[in-house]
Amino acid sequence: MPYKTGTVTSFAGANGLLAELVAWVTGTPATPGLDWILEQDSNTKNNTGLTEPFGALCRQVVLSNTGLSGTESVVVGIREWQLTTSAVYGWDLNCYPAWVDGQLWNGNSTWHGQTTYDATYNHFSTYPNIPLMNASMTYWFFSNAQRIIVVVRTSTSYQCCYLGYGDRLGAPTEYPCPVMALGCSVGNLAHSDQSATHRWFLNPPAFFFNTPAGEARTPLWIPGASYWSFPVNPGPVVGVGGDLLNPCYAAIATLGTLLTFDGVRHVVDPDLQAEDIFTANGKKWFVAQNNHRITMYDFMAINTEVTTTTTTAA
Amino acid sequence: MEICTVNEYNAPADHRAIIANIRTSALAAGWTVEEYRAVDKVWDSGVGWASGAHAQERDLASSYTGYNGSFLQLQGSGFGNQGGANRWRLYGFKTDNFYLLPTNRYYNAVSTPNCGPTNVITYGQPTQSGYSATHQYNPTLQDNLLPMAGLTTCQMDCLYRQSTFPTTACIKQWVVCYGTKLIHSIVNIDNIYFEHTLFGVLDLFDQTYSDTTFFQKTACGSYGWISGEMHYSYYLTNGRGILTPYIYANSTSSIHSGGTVGLANYAGLNCSRIFNFPHQAYTNVLTNDYYDNIILQNTWSGKRVIHVPIVSTQLSGLLCPVGRMWYGVLNTENLTPGQILTYGAEQYQVWPVYSTTYPNTYGVAYRIA
């Protein structure tokens, strides 16, 4: 069951969110999604790979898996950073179309082009990231052999990230590595920030995205941020109930549609609330919201892959 | 998408041949032919069925004289008890000025000819006053004259383009059937223009309804499919007929009507509408937004996303999905009409909705395997 929810009590360290995630996704090698491999696991280092600006307080990892086919190379990275005097905490996110053993965590900047390093916050401020807090946080992890999704409740807001492959609209030979690292923030934003650049990964403010040609490009995120305008509120499917689960795409005008998000759908329903669980196609879906936003357009559903069991009333 | 059957007919000579081909495919799919007049029969209300030139009520203008008439009335099954309502008439005739081709009339604006007591089209359509006011239940029989107030264009006239309809044969015709639920005739007029005639019931999300509570018909007025005219959806509930908005309503490229006929104008009614994309909402258009990019052919894999339009209806102030079209929409650039696309074990046959060149070659796809 590649789905887990729980609570951690601190940002980093043994009781931190990253430790919880890594322990879970690597902890059951016989189960797809829980069989990720640690390619790199160290104290967080700076952009030169030499200094450990936080000492043992922060950790950086690179995780790999073999994809749904079992023959691919899905490689993603997470890097803890913090500035306690500003009460700002977060993860830098990365992904690697071509991982080389022993390379720096940020050693793929030639591919994605981002090199800015903020020496005050000690993090890569133009990388996709996910703001967190150094306090109790409730999390929801979703993992399979090609991607990891994290949703975290930080006080009253929700943070999220997507790391790994999407479902490519073509053959693996045509699109060898549909990898992406999608955050919900960029820069040095706190988890409580409510600015426009703090939003969910369906329309990420920062990302790394690999094309079929192996280039880091900027896709169109569909649905994007503002392609909604129902004349009246949407209602449930007539006679069936529930909501339409709308696929989410990444496309590039010159290339066409590239991929859909794996296990993530957009839903529009004024009755939804974050953390709702509903059933569709025999599976339970978890509802997450767009950071602090709660309009009916700001909800997505993530497939828990938990099979619904039917009970018969007495 | 459900697997449909497709029959292909080469070089239909005229409107009569096209109607005959629809009849052939309909029979093969299990439809009942309730009335068929194959050659040179037009309905003159003062005479009845008549050969030669007669005053023809089905014309664009009643003063025209019609001849070379052809008439077909079909009954499908629909879901549950929809069968009695899934009845369609196709009128074809020629005037001195132009050809007309199948005219589906599923409300009783003028519903002659009388095909006998067992073949009466009774959809429970509202009267004019009922429609504009309380849309009361008022089952009507054919021969009643019930013009829709202010909606005289909502007559499901599938007019074949007068200016482009050839004096010789068309290129090809395909008739798509999903059993006795759907018929879609696609005619390649001249390798540039395509004409679509689509009727039946919708693919309901919940097909267990058997009391005619939910009943949908759709039809398309051909050459403006995406960019323009006449694509209607009807939603009937408990026998109360509700005329619903144009779906492709104006001539500028908006899928949804924002004008005089549209959801907003019928907010108090149980109207339905089609979303060509799941996300699509009232102000979205197929062109000029990112959804264009979804249906483009991928340059890296050659694949195209096929989107199934969602049909929603307004219930209790909410816009609720009720079903979907039997076809998907896609961009048919670089495809030939009738080409088959393979997606793994599935196959889809595709046609442009308007022409092979305009605009941006939007098309429809039916699953055939």
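The rules behind each value
- Residues numbered from 1 in each chain as written.
- Chains lettered and ligands numbered in written order.
- Predicted model: local features only at pLDDT ≥ 70, side-chain atom pairs only at ≥ 80, totals over all residues.
- Heavy atoms only, no water.
- Core = buried A, V, L, I, M, F, W, Y, C linked by side-chain atoms within 4.5 Å.
- Buried < 20%, exposed > 50% of the residue type's maximum accessible area, 1.4 Å probe, protein only.
- Contact = heavy atoms within 4.5 Å.
- pLDDT = per-residue confidence, 0-100.
- Salt bridge = Lys/Arg side-chain N within 4 Å of Asp/Glu carboxyl O.
- Helix = DSSP H or I, 4+ residues; strand = E, 2+ residues; numbered from the N terminus.
- Pairing = 2+ DSSP bridges.

Glancing now at the nonpolar core. Across soluble globular proteins, you tend to see nonpolar side chains buried next to one another. If you look at the biggest cluster of nonpolar residues, it comprises 85 residues, and the most contacted ones within it are Trp91(A), Val151(A), Phe201(A) and Phe261(A). Not counting residues up to four positions away in its chain, the partners in contact with Val151(A) are Thr138(A), Tyr139(A), Trp140(A), Phe142(A), Tyr158(A), Gln159(A), Cys160(A), Phe286(A), Ala288(A) and Ile302(A). Val176(B), Phe194(B), Val201(B) and Met325(B) belong to the second largest nonpolar core, which has 22 residues in total.

Next up on the list: the confidence of the model for chain B. Residue and element names in this part refer to chain B. Mean pLDDT over chain B: 60, with 45% of residues reaching 70 or higher. Note that pLDDT drops below 50 for residues 116–164; the model gives that stretch 144 contacts with residues more than four away or on any other chain. Counted against residues more than four places away or in other chains, residues 278–289, with its pLDDT under 50, gives 49 contacts. The ipTM, which scores confidence in the relative placement of chains, is 0.80 for this predicted complex, and the corresponding pTM is 0.81.

Another aspect to go through is the pattern of salt bridges. Residues and elements named next belong to chain A. With the rule as written, the count across this model stands at eleven salt bridges over all chains. The residue Arg79 makes a salt bridge to Asp92 at a minimum N-O spacing of 3.1 Å. Placement of Arg79 in strand S4 (residues 74–83) and of Asp92 in strand S5 (residues 88–95) is noted, with a sequence separation of 13 residues between them. The burial state of Arg79 is the same as that of Asp92; both residues are buried. Put simply, Glu215 and Arg217 hold a salt bridge, and the shortest N to O gap is 3.5 Å.

On to the pairing of strand S16 (residues 277–280) of chain A. Burial along S16(A) is one-sided: the residues Phe278(A) and Ala280(A) are buried and none of Ile277(A) and Thr279(A) is. Here S16(A) hands over to strand S17 (residues 283–289) of chain A after two residues, with Asn281(A) in that stretch at a positive phi of 55°.

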